[in-house]
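Spelled out, the chains give:
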Amino acid sequence: MKIAFVGKGGSGKTTLSSLFVRHLAARGLPVVAVDADINQHLGVALGLDDDRAAKVPALGERLTEIKEWLRGDNPRIASAAAMVKTTPPGAGSRLLRPRGDDPVHALGQEVDGVTLLATGPFSDEDLGVACYHSKTGAVELYLNHLVDGPGEYVVVDMTAGADTFASGLFTRFDLMFLVAEPTRKGVGVYRQYTEYARDFDVAIKVVGNKVQNDDDVAYLRDHVGDDLLAWVGQSAAVRAFEQGRAGVALEDANAAALDAMLAAVDARAKDWDAYFQQAVDFHIKNARSWANRAVGANLEEQVDPGFRYPA
Ligand SMILES: Nc1ncnc2c1ncn2[C@@H]1O[C@H](COP(=O)(O)OP(=O)(O)OP(=O)(O)O)[C@@H](O)[C@H]1O
Ligand SMILES: [Mg+2]
């Protein structure tokens, strides 16, 4: 199951991603955590020290070798250079399994039973449709080639701001968690995010964060209605993790919120054909808007209409 955490800067995307990832790992569930934020903080949030976190290989710097491997002997993809972030898999492409024995997961860092992948730091210019060497492109390729089943989880900590919607990356998830503080700013992006998500048929649920009392919950419910799935309180345990104190258990109510989030993920049904079709649609859009020109070939021909994911 592919899961994203999105929301405003500072809302708690990294914190809730890391709590959710630890929650899954503590249950013995297989989980890959992907740091796809401009500033890379997920490794430290998962408990790596700064040195080890800085040494996690950047997928964004290994794009050529990742493409080379993924394209396998797909005759529709002439070279790694002809493969762009939206190039979908086809006959001959190599597919990935979560935490599989492959060169992409080999770039991951094991942290307490979690495989951590990281894009490496990037800038705003890396985000839009028209970027060829996109760092998040590595994650888009990864997700497009990843065959995950129920009970397997890939959790992506996304970058803040709605400008990231320019990328097809946003459509690659079974469920997106919009982290929102109970403030005007916190819920301010709700409409923008949810409208976009619905346009692209991405399921999105709001998770309140830094909630202090019933009034905060009522405020969130007033603004997001039934899209409010769960909420996490202002947490002494989170603060303790941040201070590097080990062995502090998350408060029961917050653990219950994580359970509700997991249940919502598990309730999602996969539609692989729709997933592929959307990858194809985004690829064609990218091909026409910039990639054909950038590569100097008609990349629409990379689409293999007969391809099916082995779900
Ligand atoms: N539930 C919580 N309880 C206590 N502190 C929290 C909670 N959630 C987040 N914080 C604190 O708020 C700050 C911002 O959180 P975090 O870094 O997770 O936000 P973010 O959305 O990932 O930010 P950015 O947009 O910069 O990536 C951190 O110092 C974090 O420890
Ligand atoms: Mg963050």
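Below: a short report on this structure.

Considerations on the pattern of salt bridges
- This structure, assessed with the given rule, holds 13 salt bridges.
- Between Asp-259 and Arg-27 there is a salt bridge; the shortest N-O distance is 4.0 Å. Of this pair, Asp-259 sits in helix 10 (residues 252-266) while Arg-27 sits in the loop between helix 1 (13-26) and strand 2 (31-36), and the two are 232 residues apart along the sequence.
- When its relative accessible area of 37% is taken as the criterion, Asp-259 is described as partly exposed.
- By relative accessible area, which is 44% here, Arg-27 ends up partly exposed.
- Put simply, Glu-68 and Arg-71 hold a salt bridge, and the shortest N to O gap is 2.9 Å. On the criterion of helical spacing, the pair formed by Glu-68 and Arg-71 is a turn pair, its members being three residues apart in helix 4 (residues 63-71).
- Judged by its relative accessible area of 37%, Glu-68 falls in the partly exposed class.
- Among the charged side chains, a salt-bridge network with shared partners connects Lys-2, Asp-148, Asp-174 and Lys-270.

A look at the environment of Gly-208
- Here Gly-208 lies in strand 7 (residues 204-211).
- Separated by 21 residues in sequence, Gly-208 and Leu-229 have C-alpha atoms that sit 8.2 Å apart.
- Excluding its chain neighbours within four sequence positions, the residues that come into contact with Gly-208 are Ala-180, Leu-220, Leu-228, Ala-230, Trp-231 and Val-232.

Notes on empty space enclosed by the protein
- Scanning the entire structure with this criterion turns up two cavities of 30 Å³ or more.
- In this structure, the second largest cavity occupies an estimated 30 Å³ of space.
- If you go around the second largest cavity, the residues you meet are Thr-86, Glu-140, Asn-144, Thr-171, Arg-172, Gln-278, Ala-279 and Phe-282.
- Among the secondary structure elements, those contributing two or more residues to the lining of the second largest cavity are helix 5 (136-144) and helix 11 (272-295).
- Residues that form the lining of the second largest cavity fall into these classes: two nonpolar, four polar and two charged.

Looking at the site of ligand 1
- Residues in close proximity to ligand 1 total 18 residues, the closest being Lys-13, Thr-14, Thr-15, Ser-235 and Glu-242.
- Between ligand 1 and the protein, one listed contact pairs an oxygen atom with a side-chain N or O atom of Lys-13 at 2.7 Å.
- Ser-235 is positioned such that a nitrogen or oxygen atom in its backbone is 2.8 Å from a nitrogen atom of ligand 1.
- When the free accessible area of ligand 1 is taken as 630 Å², the share hidden by the protein chains comes to 79%.
- Among the elements that make up the shell around ligand 1, the one with the highest residue count is helix 1 (three residues).
- Classifying every residue of the shell around ligand 1 by side-chain character gives three nonpolar, 10 polar and five charged.

Some points on the packing of helix 4 against helix 5
- As a packed pair, helix 4 and helix 5 sit with axes 10 Å apart at the nearest point and diverge in direction by 15°. With respect to helix 5, the axis of helix 4 lies roughly parallel. As for how helix 4 packs across helix 5, the hand of that crossing is left-handed. From helix 4, Leu-63, Lys-67 and Leu-70 reach across to helix 5, where they touch Gly-137, Ala-138 and Leu-141.
- When grouped by side-chain class, the residues that make up the contact of helix 4 with helix 5 number four nonpolar, one polar and one charged.

A few points about the pairing of strand 8 (residues 228-233)
- Relative to strand 8, strand 7 runs parallel, the two being bridged by four bridges. By the bridge assignment, Gly-208 is partnered in strand 8 with Trp-231.
- Crossover strand 7 to strand 8 through helix 8 (residues 214-224) is right-handed.

Some remarks on the packing of helix 1 against helix 10
- The geometry of helix 1 relative to helix 10 is characterised by a closest axis approach of 10 Å and an angle of 80° between their N-to-C directions. One element, helix 1, and the other, helix 10, form an angle in the roughly perpendicular class. Here Leu-19, Phe-20, His-23 and Leu-24 of helix 1 come into contact with helix 10, specifically with Ala-255, Leu-258, Asp-259, Met-261, Leu-262 and Val-265.
- Among the residues forming the contact of helix 1 with helix 10, the class breakdown is eight nonpolar, one polar and one charged.

As for the packing of aromatic side chains
- In this structure the tally under the stated criterion is 11 aromatic pairs.
- Ring geometry for Trp-272 against Tyr-309: centres 4.9 Å apart, planes inclined by 45°, an arrangement best described as tilted. One end of the pair, Trp-272, is in helix 11; the other, Tyr-309, is in the segment after helix 11, with 37 residues separating them in the sequence. For the pair formed by Trp-272 and Tyr-309, the shared burial category is buried.
- Seen from the ring of Phe-241, Arg-22 lies directly overhead, with NZ or CZ sitting 4.8 Å from the centre.
- Its guanidinium or amino end placed over the ring of Tyr-275, Arg-172 lies 4.0 Å from that ring's centre, counting from NZ or CZ.

What counts and how
Residues numbered from 1 in each chain as written. Chains lettered and ligands numbered in written order. Predicted model: local features only at pLDDT ≥ 70, side-chain atom pairs only at ≥ 80, totals over all residues. Heavy atoms only, no water. Salt bridge = Lys/Arg side-chain N within 4 Å of Asp/Glu carboxyl O. Helix = DSSP H or I, 4+ residues; strand = E, 2+ residues; numbered from the N terminus. Buried < 20%, exposed > 50% of the residue type's maximum accessible area, 1.4 Å probe, protein only. Contact = heavy atoms within 4.5 Å. 1 Å grid on protein atoms, 1.4 Å probe; cavity = no way out; pocket = protein on both sides within 12 Å on 5 of 7 lines; lining within 4 Å. Points joined across faces, edges and corners; volume = space filled by probe spheres on them. Nonpolar A, V, L, I, M, F, W, Y, C, P; charged D, E, K, R; others polar. Near = heavy atom within 4 Å. Polar contact = N/O pair within 3.5 Å; in protein donor to acceptor, adjacent residues only side chain to side chain. Areas by Shrake-Rupley, 256 points an atom, 1.4 Å probe, with all protein chains shown as cover. Axes fitted to C-alpha atoms, helices over the stretch in contact; angles between N-to-C directions. Parallel < 35°, antiparallel > 145°, perpendicular 65-115°, else oblique. Left-handed = near helix turned anticlockwise from the far one by under 90°. Pairing = 2+ DSSP bridges. Right-handed = clockwise from strand over helix to strand, strands pointing away. Phe/Tyr/Trp six-rings, centres within 6.5 Å; stacked < 30°, edge-to-face > 60°. Lys NZ or Arg CZ within 6 Å of the ring centre and 35° of its normal.

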